[in-house]
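What follows is each chain in one-letter form.
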Amino acid sequence: MSPASTGASTVLDAVTPVPSAHSTSEAGESATDSRLTPGGPGYRRMSFALFLAGVATFALLYSTQALLPLISGEFGVAPSEASWTVAAATGGLALFVLPMSALSERFGRRTVMTASLAVAVTVGMLVPFAPSIGALVALRAVQGAALAGLPASATAYLAEEVRPKALVTAIGLFVAGNSVGGMSGRVITGWVAQEWGWRIAVGVIGALAVGCAVAFRLLLPAPRHFKAGSLRPRVLLGTVRDHLSDPLLRRLYAIGALFMTVFGGVYTVIGYRLTEAPFGLPQGIVGSIFLVYLVGTVSASTAGRLVGRLGRRGALYLAGGTTAAGLLLSLAASLPLVLLGLVLITAGFFAGHAVASSAVSKTATHGRAQASALYQSAYYIGSSAGSTVGAMAFHANGWTGTVGVGLLAVLGVVTITVLGSRAARVAARREPVAAH
């Protein structure tokens, strides 16, 4: 999700813009700049191609989340075991996003994205035939690892091939694809599974992803400004070490992981809560609950204004408080109150994620692509942890247990933010002393 979607981090300056030998305008663009721009040849094809890539990626990544009660029923496993079909995919992505970003530097963005989608959709067509829960989890882990090549490469491709003035719009379209894929994948599977079962549902998502992948490869223009680099693990590890030694970046990574722990836990378990008494909703309606994601798009888009008014830490406090209020409200036995709780949880999560992820790119002074990849790793580790621990808590103590896990994660966000405020005050007191 990007700040406005399912997790892809929006880093506009992950790659240094391609220099031009010609004279430039005030915006830094050459009059003969050959990069893509709205209205120019290839721009629409490129935008639509990456939109489709985003749809395929996030439809596949979360394709089993709305189906967990049905998967539990068929294989006779507890929610904590079924949740691994989500956790394995997001965990695989978390582990491979950094290596994939390095491969894209060497072999090219389009090559890595194409290979990633090819492997992911191939696995997606095998998922409906999984004979056991273990095989299903293994296939999902491979699928998540393959999908890591998309968020690792798409932003870099855009930064190289699109003019700076058009970059925000271009990335916004990719983010929209992430959001549409993440939401529609869950909604479609819910309604299809209600009539024909979960296997047909994930098969439909697999077929949809195949179509998106083929169209992506046919539409995406060949890169014209990519310059291959060498794979130098020592340099990459040095950059990663620098980022992890920065206290502020560490706090931001932890905040992103904790917010996603709440979100992953809630949306992994909510299907069980709503299909059981006292609600007893059908699978199609449960899948449609994910339309609440649209609230997140709105809250993420307002995060910049929140930071302008309240500061970064104030915005994080507000996001954490909104999330906590939603968690508490969701304990009610009234369906309207539960839905309102989900709205607040979603709004708070997306706002907090937007604030933290944007702060990463502003904080990193070098290696911004790697800084973003580390944030994505932390983010999806949080998703895996939330899916697993939230389901375990639900199995042990019902929805109250899942809410308890979420509240602990929010408390972690608030604690880290308080510690950050104290560290900032200490640093501010030291600066005047150092100046004398």
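As shown above, the structure is provided for reference.
Residues numbered from 1 in each chain as written. Predicted model: local features only at pLDDT ≥ 70, side-chain atom pairs only at ≥ 80, totals over all residues. Heavy atoms only, no water.

1. Here we look at the environment of F263
We apply this condition: Counting from the N terminus, the helices are the DSSP runs of H or I reaching at least four residues and the strands are the DSSP runs of E reaching at least two.
Tracing the chain through its elements places F263 in helix α11 (residues 247–275). Sequence separation between F263 and F349 is 86 residues, and the spatial gap between their C-alpha atoms is 6.8 Å.

2. Some words on the environment of A115
With respect to the secondary-structure elements, A115 resides in helix α5 (residues 109–126). Expressed as a C-alpha distance, the spacing of A115 and A213, which sit 98 residues apart in the sequence, is 10.0 Å.

3. Concerning the pattern of salt bridges
In plain terms, the rule: A side-chain nitrogen of Lys or Arg and a carboxyl oxygen of Asp or Glu constitute a salt bridge if their distance falls within 4 Å. For every residue, the accessible area (1.4 Å probe, protein chains only) is compared with the maximum for its type, and the residue is labelled buried under 20%, exposed over 50%, or partly exposed between those bounds.
Counting across every chain of the model gives one salt bridge. A salt bridge links R199 to E74; the shortest N-O distance between them is 2.6 Å. One end of the pair, R199, is in helix α9 (residues 198–219); the other, E74, is in helix α2 (residues 68–75), with 125 residues separating them in the sequence. Judged by relative accessible area, R199 falls into the partly exposed class, the value being 24%.

4. A closer look at the packing of aromatic side chains
Keep this limit in mind: For Phe, Tyr and Trp, where Trp contributes only its six-membered ring, two rings pair if their centres lie within 6.5 Å, and the inter-plane angle classes them as stacked under 30 degrees, edge-to-face over 60, or tilted in between.
Counted according to the given criterion, the structure contains 11 aromatic pairs. Pairing Y272 with F394 gives two aromatic rings, centres 5.9 Å apart and planes at 35°, and the pair type is tilted. Of this pair, Y272 sits in helix α11 while F394 sits in helix α16 (residues 368–397); the two residues are 122 residues apart in sequence, bridging distant segments of the chain. Members of the aromatic cluster, each reached through a chain of ring pairs, are F263, Y267, F290, F349, F350, Y375, Y379 and Y380.

Taken by themselves, the reported measurements are silent on function.
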